[in-house]
Amino acid sequence: MAQLYWETIGEGSQDLVLLHGWGLNSDVWRSIIPRVASHFRLHLVDLPGYGRSQGFDAMDVQSMADTVWQYGPKNAIWLGWSLGGLVASRLALDHPQHINGLITVASSPCFQAHENVWPGIKSEVLLGFEHQLSNDFQRTVERFLALQTLGTESARHDAKLLKSVVLEQPMPKVEILNAGLEILRVIDLRDELTELTVPFLRIYGYLDGLVPRKVATLLDDLYPHSPSVVMRHGAHAPFISHPDEFCEYLLDFLARLEE
């Protein structure tokens, strides 16, 4: 039977579950652990089929959220980056009475662009990645990772770090990665999240080429209950390029929950 990789670190009283993005694994959070481990009990998760969570079939976002929920602590804050933001959002919508807060990072409730209506990734780009995965698996993954750091002063270093995170753990199967791209292409949680009742913080990178900063403004109008932060010098992985600033926002969110 497949087992989800789950590691718990930290000395804080508040549980914080960290969900990574497409193609990666929970090692992506290593740079922030020393900065917040005294404030949170951190739960590092490899999503089903990714990293050390091998043996799972390809899943849609609901199945992925249901699988992760079986392992999760009650009354935690759930933080999801990119694809992980969709999983965390699904969990917050499904279990609001058992979740203390939701934080999405460089994520959108609707990743696919809709012409003249919604900014995001063009459908043909996501379909192109799906097609390329079967032809040149590793190069396609590396290209997608490189897109996540473009524009930052530390882009080369950050892309190298992301690549090492992928290569040091078991690689996801092509069907797992394709299912993840399909989630990014088809899921739209914009309307559902207007009904979200748990505290909800959104963090963006000003230079993000995958989740345009205009998404933050549009969602500010759609979710007046949800504050947003746009990290001026960050791109799609702001917790890697600017970990100190990123962790300040996490600790501020925790302080407001404890008021």
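Conventions adopted
Residues numbered from 1 in each chain as written. Predicted model: local features only at pLDDT ≥ 70, side-chain atom pairs only at ≥ 80, totals over all residues. Heavy atoms only, no water. UniProt positions renumbered as here; feature names shortened; annotations may be inferred. Helix = DSSP H or I, 4+ residues; strand = E, 2+ residues; numbered from the N terminus. Rg over C-alpha atoms; globule rule 2.2 N^0.38 Å. Buried < 20%, exposed > 50% of the residue type's maximum accessible area, 1.4 Å probe, protein only. Contact = heavy atoms within 4.5 Å. Areas by Shrake-Rupley, 256 points an atom, 1.4 Å probe, with all protein chains shown as cover. Expected span 1.5 Å × (residues − 1). Pairing = 2+ DSSP bridges. Axes fitted to C-alpha atoms, helices over the stretch in contact; angles between N-to-C directions. Parallel < 35°, antiparallel > 145°, perpendicular 65-115°, else oblique. Nonpolar A, V, L, I, M, F, W, Y, C, P; charged D, E, K, R; others polar. Phe/Tyr/Trp six-rings, centres within 6.5 Å; stacked < 30°, edge-to-face > 60°. Lys NZ or Arg CZ within 6 Å of the ring centre and 35° of its normal.

Per an unreviewed UniProt entry, the protein chain goes by the name Pimeloyl-[acyl-carrier protein] methyl ester esterase and belongs to Providencia burhodogranariea DSM 19968. According to the UniProt record, the Subcellular location (unreviewed entry) comment for the protein chain is "Cytoplasm".

So, on to the overall build of the protein chain. When its secondary structure is counted, the protein chain shows eleven helices and seven strands. Against the globule reference of 18 Å for 259 residues, the protein chain gives a C-alpha radius of gyration of 17 Å, in line with a compact fold. Considered along the principal axes of its C-alpha atoms, the protein chain spans approximately 50 × 45 × 35 Å. When the 259 residues of the protein chain are sorted by exposure, 55% land in the buried category. Taking the contacts inside the protein chain whose residues are at least 6 apart along the sequence as the reference set, 77% of them involve residues at least 24 apart. When the accessible surface of the protein chain is totalled, it reaches about 11,000 Å², and 49% of it is carbon and sulfur.

With twelve residues, helix α3 (residues 83-94) ought to run about 16 Å at 1.5 Å a step, and its terminal C-alpha atoms sit 17 Å apart, in line with that. With respect to burial, α3 is a largely interior element, eleven of its twelve residues being buried. Those residues of α3 lying buried are L83, G84, G85, L86, V87, A88, S89, R90, L91, A92 and L93. Contacts made by the buried residues of α3 are with β2 (14-19), α2 (61-69), β4 (76-81), β5 (99-105), α7 (174-186) and α8 (190-193).

Here the focus is the sheet that holds strand β7 (residues 228-231). Reading across the sheet, the seven strands line up as β1-β3-β2-β4-β5-β6-β7 and stay open at both edges, with mixed pairing between neighbours. The open sheet is flanked by β1 (6-9) and β7, the only strands paired with a single partner. Adjacent strand axes in the sheet meet at a mean angle of 20 degrees when their direction is disregarded. Both β2 and β4 contribute to a ladder of four bridges, which runs parallel. Paired with L19 across the two strands is G80, which belongs to β4.

This brings us to the packing of helix α4 (residues 123-135) against helix α5 (residues 137-147). Running from N to C, α4 and α5 cross one another at 140 degrees; their axes reach a closest spacing of 6 Å. Relative to α5, α4 is oriented oblique. Touching F129, Q132, L133 and N135 of α4 are F137, T140, V141, R143, F144 and L147, all from α5. Grouping the constituent residues of the contact of α4 with α5 by class yields six nonpolar, three polar and one charged.

It is worth spelling out the pairing of β2 at this point. Of all six residues in β2, six are buried; the element is thus mostly enclosed. Residues Q14, L16 and L18 point to one face of β2 and D15, V17 and L19 to the other, with burial holding for every one of them.

Counted according to the given criterion, the structure contains nine aromatic pairs. Seen from their ring centres, W6 and Y71 are 6.1 Å apart, and the 15 degrees between their planes marks the pair as stacked. With W6 in strand β1 and Y71 in the loop between α2 and β4, the pair connects residues that are 65 residues apart, well separated along the chain. Under the relative-accessibility criterion, Y71 is labelled partly exposed at 30%. Each member of the aromatic cluster is reached from another via a ring pair, and the members are W29, W81, F239 and F246. Its guanidinium or amino end placed over the ring of W118, R190 lies 4.6 Å from that ring's centre, counting from NZ or CZ. One Lys or Arg, R232, reaches over the ring of Y206 and ends 4.1 Å from the middle of that ring.

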